[in-house]
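Examination of the molecular architecture
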Amino acid sequence: MKTTPAFLRSYYLAASVFFGSCFSACEHSVTPPEPYGAIPSAYQMEWQKMEYYMFAHFGPNTFTNVEWGNGEEDPKVFNPTNLDCRQWAATAKAAGMKGIIITAKHHDGFCLWPSEYSTHTVRESLWKDGKGDLLKELSEACKEYGLQFGVYLSPWDQNHPAYGTPEYNQVFANTLDEVLSGYGHIFEQWFDGANGEGHDGKKQVYDWDLFHETVYRNQPHAIIFSDVGPGCRWMGNEQGIAGATNWSTLNITGFEPGLGAPPTDTLNQGNRGGEAWVPAETDVSIRPGWFYSPDTDDKVKTVEQLVELFYTSIGRNSNLLLNVPPNREGRIHPVDSTRLMEFKQVIEESFAENLMKGATIQASAVRGNGSRYEPANLLDGVYDSYWATNDGELTAWLEIALEQQKTFNRLLLQEYIPLGQRVAGVTVDYWNDSLNDWAFLTEATTIGYKRILRFPTVTTQKIRIHITESLACPVLNNLELYKAPEFLSAPAVMRNKEGRVLITCSSPDPVIYYTLDGTTPTTSSLRYQQPFSLEQAGTVKAIATIQNGEQISEVVTEDFDISPAKWAVISPEIENMDLIIDGNVQSVATIPLESDPVIIDLGETIGIKGFCYVPVNHTSANNISRYHLSVSENGTDWKSVKSSALFNNIKNNPVRQDIRLDQPVTSRFIKLEPLQGVHDGDAYIIAEIGVITK
């Protein structure tokens, strides 16, 4: 073995120290990228990294089975029989959530703490003989389980006598002050812009500056949610779908929460180069409604639906606020908690093994041509290390060579958002051995804090990511690659106008089983082979199976009332009115406002306990918000059963509305008179109309 003389070793050592110092100095002389545009605060960064937390809608509505109470409910209806906030917190923690936001005061004005500024509170309820304080119990439970605690307080108050007067703003500020000073650390203050009871209802000119000052004086770190932030924003719908393009920046000058907010499509996508950093928060409920109802125990979202929500929220640069409403006992229902754990298991399995491990990466450009901003930083797992190009280099490619051939269907990308959001276009290719060339895999527009791209499963050893457009030099800090398990889709059950039930499944070659007696279907149940008749009220439960029953989907339940087989729409006499009773929620009728009311002949006289209205499931649709409903046995003499009634929250959450009548009636004809749509326009929309007889 050769050795180096001592004097040369000393020389080489000195030289290496000298040149190493020069190299280090050169490395550090490369200036980091300047922040681009609006950037997040330190508190917004902490909030963004939470990603997933629980909404808990709880109050009198839980016990009255309505979505929006009117403030006239007896506070004594609020009486949970076995309330346990520790069970809520334990459930959230086990589900992987990072916090809980509670509806401390909803639009009915009922306060879940004994407020000095209201007489509509837990103090006036039967719960704990009026001595309870739910905010105290939940804040302590969150602290015990290491969860963040947040509060929702609606500025709309249908109970307080001062609402609609200038004095009310100070009343609400006092209420805020009371909550924000009395229950420890609050990570998020949730506002919505609900204001008044329609065109003829009370109006309150909210003093948002006063409200924000009150929040920041008590909780300077709190993220304030509203349509326009300033901490984070509503993303334009309650279906859990953030924009495929989703900027965390928003133009907020001249806007305010509620009716003064930007258009919903702007909220959904943000503004490219917007003036303020107002990232999106996706709020969606695990049930059809926001408050618990025993009628929806079999309507809890499937695991497949929850996984889809994960990808359309967290996977699209948004935090996910998933509503899990406590039941009338004051506990998270077993169906909901079980579904949360199943959801968590699928996500953990999907992201268990990062297939980028051991990969090497090259880039078409590196800032300063040194190691400080090299592409290897994308794989080191350190949040604050990143790859960047030189200023002015707005396009670039990254080529990743995996250790060996890998099979995958998910790519996770992250921008280093402390320096702003920049990327506006990205395409991904993979090396196709059969073609001996690159092949297109997927593409996207924005990345932001986190973007998860889904695509059909491929096997390869090389992928290439091409930044095709960036507002400033791209700055990325993480890449990950995964193979998520494929789903067996749950079946879909529908019934047409003639009462024929059709069951379908989007997975290939399924075998479907169903029951009609309310029992859970198994592979020993009735096998679905063709549509069958169900003209009367009934319940269909179905499962799909593949591989000889080795894989079984979740159970789907559909409750049907009487079919519209004998029905006819006799007014208004315009084209396609029969679409509102065809059993297909995808087919809709657009009706001019000046048209006659909608009148339906049920074909026979029946007992009616209520009716249902199915809107178009999009916030931009001009669905009916306020209406009259009348009934008649002869089509001439009409009896009003709902007068100037409101479809609660239908603008933001346009889902089926089941309306129970105060008293059952006998009728052959029903008449629906739309009074107001959720938007201004010359026509309104109906997908389906039905009656409730059971």
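Residues numbered from 1 in each chain as written. Predicted model: local features only at pLDDT ≥ 70, side-chain atom pairs only at ≥ 80, totals over all residues. Heavy atoms only, no water.

1. As for unusual backbone geometry
Going by this rule: Counting from the N terminus, the helices are the DSSP runs of H or I reaching at least four residues and the strands are the DSSP runs of E reaching at least two.
Here the bond from Gly 229 into Pro 230 is cis, since omega is 15°, no more than 30 degrees from zero. On the secondary structure map, Pro 230 appears in the loop between strand E5 (223–226) and strand E6 (232–234). The omega torsion of the bond from Ser 571 to Pro 572 falls at -5°, within 30 degrees of zero and hence cis. Its place among the elements puts Pro 572 in the loop between strand E26 (568–571) and strand E27 (589–592). Positive phi, close to 55°, is recorded for Lys 128, a residue that is not glycine.

2. Examining the sheet that holds strand E4 (residues 188–190)
Note the threshold: Think of it this way: DSSP has to see at least two bridges between two strands before they count as a pair. Helix axes use the C-alpha atoms of the stretch in contact, all axes being lines fitted to C-alpha atoms, and the angles between their N-to-C directions lie in the range 0 to 180 degrees. Residues are treated as being in contact if the distance between any of their heavy atoms lies within 4.5 Å.
Reading around the barrel, the eight strands line up as E1-E2-E3-E4-E5-E6-E9-E10 and close back on themselves, with parallel pairing between neighbours. Taking each pair of neighbouring strands and ignoring which way they run, the sheet shows an average axis angle of 25°. Contacts from helix H4 (residues 85–94) reach strand E1 (52–56) and strand E2 (99–105), with the element oriented near 140° to E2. Running over the sheet, helix H5 (residues 134–144) touches E2 and strand E3 (148–153) and is turned about 175° from E2.

3. Description of the pattern of salt bridges
Here the idea is simple: oppositely charged side chains can pair when their charged atoms come close. Convention followed: Salt bridge, as applied in this entry: a Lys or Arg side-chain nitrogen positioned within 4 Å of an Asp or Glu carboxyl oxygen. Accessible area is worked out with a 1.4 Å probe on protein chains only. A residue is then buried under 20% of its type maximum, exposed over 50%, and partly exposed in between.
All told, the structure shown has 24 salt bridges when counted by the stated rule. As a salt-bridge pair, Glu 469 and Arg 272 come within 2.6 Å of each other at their nearest N and O atoms. In this pair, Glu 469 sits in strand E16 (residues 451–470) while Arg 272 sits in the loop between helix H8 (264–269) and strand E8 (276–277), placing the two residues 197 residues apart along the sequence. Taking relative accessible area as the criterion, Glu 469 reaches 33% and is therefore assigned partly exposed. Accessibility expressed as a relative area gives 46% for Arg 272, which makes it partly exposed. Here Asp 336 ties to Arg 287 by a salt bridge, and the two come within 2.7 Å at their closest N and O atoms. Linking Asp 336 in helix H10 (residues 334–350) with Arg 287 in the loop between strand E9 (280–285) and helix H9 (303–312), this pair joins segments that are 49 residues apart in sequence. Arg 287 shares its class with Asp 336; the two are buried. Among the ionic contacts, a cluster of salt bridges with common partners joins Asp 177, Glu 213 and Arg 217.

4. Quick look at the nonpolar core
The condition is simple: What we call a nonpolar core is a set of buried Ala, Val, Leu, Ile, Met, Phe, Trp, Tyr and Cys residues that are connected through their side-chain atoms within 4.5 Å.
Counting 76 residues, the largest nonpolar core has Trp 88, Ile 102, Leu 134 and Leu 322 as the members making the most contacts within it. Top element by residues in this core is helix H6 (residues 168–180). It accounts for seven residues. Trp 567, Ile 591, Ile 659 and Leu 661 belong to the second largest nonpolar core, which has 32 residues in total.

5. Overview of the environment of Lys 694
Along the polypeptide, Lys 694 turns up in the segment after strand E33 (688–692). Classification of Lys 694 as partly exposed rests on a relative accessible area of 43%. Sequence-wise, Lys 694 and Ile 608 are 86 residues apart; in three dimensions their C-alpha atoms are separated by 8.1 Å. Leave out the neighbours within four places in its chain, and Lys 694 touches Ala 537, Gly 538, Asp 559, Phe 560, Asp 561, Lys 609 and Arg 660.

6. Brief notes about the pairing of E9
Extensive coverage of E9 is indicated by the burial of six of its six residues. Burial along E9 is two-sided: Ala 280, Thr 282 and Val 284 facing one way and Glu 281, Asp 283 and Ser 285 facing the other are all buried. Summarising the sheet, E6 and E9 pair through two bridges and their orientation is parallel. If you follow Arg 233 over to E9, its bridge partner there is Ala 280. The pairing of E9 with strand E10 (residues 318–323) spans six bridges and is classified as parallel.

7. A word on the packing of H6 against helix H7 (residues 208–218)
Rules: Each angle is binned into one of four classes, with values under 35 degrees roughly parallel, values over 145 roughly antiparallel, values of 65 to 115 roughly perpendicular, and all other values oblique. Helix crossings are classified by the rotation of the near helix relative to the far one: an anticlockwise turn of less than a right angle makes the crossing left-handed, while a clockwise turn makes it right-handed. Side-chain classes follow a simple rule in which Ala, Val, Leu, Ile, Met, Phe, Trp, Tyr, Cys and Pro form the nonpolar group, Asp, Glu, Lys and Arg form the charged group, and the remainder, Gly included, forms the polar group.
Relative to each other, H6 and H7 sit at 15°, their axes nearing to 9 Å. In terms of their interaxial angle, H6 and H7 are classed as roughly parallel. Here H6 and H7 pass one another in a crossing that is right-handed. The segment H6 lies against H7, with Asn 169, Gln 170, Phe 172, Ala 173, Leu 176, Asp 177 and Leu 180 engaging Leu 210, Phe 211, Thr 214, Val 215, Arg 217 and Asn 218. Broken down by class, the residue content of the contact of H6 with H7 amounts to seven nonpolar, four polar and two charged.

8. So, the pairing of E5
Neither face of E5 is exposed, since Ile 223 and Phe 225 on one face and Ile 224 and Ser 226 on the opposite face are all buried. Two elements, E4 and E5, share three bridges in a ladder whose sense is parallel. Bridge pairing in E5 links Gln 189 to Ile 224. As paired strands, E5 and E6 are joined by two bridges and run parallel to one another. Across the sheet, Phe 225 pairs through a bridge with Cys 232, a residue of E6.

9. Some thoughts on the sheet that holds strand E22 (residues 532–533)
To summarise the sheet geometry, strands pair through backbone hydrogen bonds and adopt either a parallel or an antiparallel arrangement. Taken together, the three strands give an open sheet; going across it, the order is E18-E19-E22, and neighbouring strands pair in antiparallel fashion. Each edge of the open sheet carries a strand with a single partner, namely strand E18 (492–495) and E22.

10. Some points on H6
Operational definition: Expected span of a helix, by definition, is 1.5 Å for each gap between consecutive residues, and there is one gap fewer than residues.
Here H6 contains 13 residues, and its C-alpha end-to-end distance of 18 Å stays within 8% of the 18 Å for a straight helix at 1.5 Å per residue. The set of residues buried in H6 consists of Tyr 168, Asn 169, Val 171, Phe 172, Ala 173, Thr 175, Leu 176, Glu 178, Val 179 and Leu 180. Against E2, H5, E3, E4 and H7 lie the buried residues of H6.

Honestly, that's just the spatial picture; any functional story needs more than this.
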